[in-house]
Every structure is written in structure tokens, then in C-alpha cells.
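# Geometric and topological summary
Below, each chain spelled out in residue letters.
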Amino acid sequence: RLTAVAARDEAKAHLNQAALALARATKLHGSGVMTDADFQNRQFEHDIAAAAFKRTEAGVASASSRVTDAATNLQRTIIRSPITGFVLDKRVEVGQTINALQQTPVLFLISADMTDVTLEALVAESDIGRIKTGMTVHFRVDAHREVPFDGKAVEIRRSPVKRGRFVS
């Protein structure tokens, strides 16, 4: 749009210059100092400058329309969640094309609040014996380090996880 406005301003300046030249030519032609051919050339130059100015005005209107269309399209591309909550899983990447014709795509898995989340945690073998079902647990997540979350221990699995290298 800025380029179109600059082109219009330049065409306006050329039109003003041609109008002044035509006004001078009219006086000179009226007093018999200028030939008919030179006077007609000044008229043509003025008409050409006027047409160029109208063309650049149309260019400004077209550019403004494209800016409006782009803003409308940008508004339509914003993905809004119908609820506030926590993003549990992101299933698309930035710039990925989404095809919703065959089935409704899942973009994000969102929890309305943290009561809907099941947290599985590895606990040291020496501490697992002190944890009981129904016990209150406190934890933090990387996305909200300053916010503590609370929950209840629902299920305790006492199956060890083997780590490291094993030699047979």
C-alpha cells in the first residue's frame, strides 16, 4: 500500500506540473506567441498526467483492498480454544497444512483444569514404601514453574524399572 501511495503522490506532482504548463501555454497561445501544435502537446501532456493520476488512485484503492483482505484472512487463521486450560499435547507443527475435509483434525489436547490429568511419576525405590493411595501429592510443571499443583495418589505400581547396561 505504501508503494501505491507513493506512486499516486508522484503522479499528482506530475499532474500539477502539467496543469501549470497548460495554464502558461493557454496564456501564450491566447496572445499568439505559441503555435497550435505546441499548445496541443501541452494539452496531451496534461491529459496523460491526469490519466496516470487516476490509474495510481485505482492502484491505492486496490492495495487498500488487498490489505483489508489480508487482515481478514489473518483473523481467520487464528486458532482459538473454546475453553481455557492447559495444553497437554500439540499434534501439529507451525506451518503444517491441515486437511479437515475427511475428518476433524485434533490440533491440541487441552485439559480444562489439572483435575483431568493423570500424572505418572517414577519414585525412588527407597521412598515408594511410604506412599499410600489417597495421599496428597504436590508437583510443578516446567511451563508454570511458579505454580504448585496438588493431586491425590490413585494407584501405586510396585514394578521396578531397570535402567543401565546389563551383563549376562
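Look up a bit, the structure's there.
All values derive from a computational prediction rather than experimental measurement.

Attention now moves to the overall build of the protein. In terms of regular secondary structure, the protein is built from two helices and four strands. Reading the helices (α) and strands (β) of the protein from amino to carboxyl end gives α-α-β-β-β-β. Counting all 168 residues of the protein, 14% fall into the buried class. Across the protein, the fraction of contacts at a sequence separation of at least 24, relative to all contacts at a separation of at least 6, is 48%. Roughly 14,000 Å² of accessible area belongs to the protein as shown, and the carbon and sulfur atoms make up 55% of that amount.

Two strands pair when backbone bridges link them, and strand β3 (residues 136–141) and strand β4 (residues 144–152) are joined in this way by five bridges, in the antiparallel orientation. Within β4, the residue paired with His138 across the bridge is Asp150. Between the antiparallel neighbours β3 and β4 lie two residues.

Applying the stated rule across the entire model yields four salt bridges. Where Arg145 meets Asp142, a salt bridge forms, and the shortest distance between an N and an O atom there is 3.7 Å. The pair formed by Arg145 and Asp142 is uniform in burial state, with each residue classed as exposed.

For the rest of this paragraph, the subject is the packing of aromatic side chains. We describe a pair of aromatic rings using the distance from one ring centre to the other and the angle between the two ring planes. Under the defined criterion, the tally for this structure stands at one aromatic pair. Taking 5.7 Å as the distance between ring centres and 25° as the angle between the ring planes, the aromatic pair formed by Phe139 and Phe149 counts as stacked. In this pair, Phe139 sits in strand β3 while Phe149 sits in strand β4, placing the two residues ten residues apart along the sequence. In terms of burial, Phe139 and Phe149 fall into one category: buried. The ring of Phe53 carries the charged tip of Lys12 above its face, separated from the ring centre by 5.1 Å.

Turning next to the nonpolar core. Grouped together as the largest cluster of nonpolar side chains are five residues: Ala11, Leu15, Ala18, Ala49 and Phe53. Of all elements in the fold, only α1 (2–30) and α2 (36–76) reach the threshold of two or more residues within this core. If you tally residues by element for this core, the top one is α1, at three residues.

Right, let's get into the environment of Glu45. Within the fold, Glu45 resides in helix α2. Classification of Glu45 by relative accessible area gives partly exposed; the value is 43%. Separated by 27 residues in sequence, Glu45 and Ala18 place their C-alpha atoms 6.3 Å apart.

The rules we used
- Residues numbered from 1 in each chain as written.
- Predicted model: local features only at pLDDT ≥ 70, side-chain atom pairs only at ≥ 80, totals over all residues.
- Heavy atoms only, no water.
- Helix = DSSP H or I, 4+ residues; strand = E, 2+ residues; numbered from the N terminus.
- Buried < 20%, exposed > 50% of the residue type's maximum accessible area, 1.4 Å probe, protein only.
- Contact = heavy atoms within 4.5 Å.
- Areas by Shrake-Rupley, 256 points an atom, 1.4 Å probe, with all protein chains shown as cover.
- Pairing = 2+ DSSP bridges.
- Salt bridge = Lys/Arg side-chain N within 4 Å of Asp/Glu carboxyl O.
- Phe/Tyr/Trp six-rings, centres within 6.5 Å; stacked < 30°, edge-to-face > 60°.
- Lys NZ or Arg CZ within 6 Å of the ring centre and 35° of its normal.
- Core = buried A, V, L, I, M, F, W, Y, C linked by side-chain atoms within 4.5 Å.

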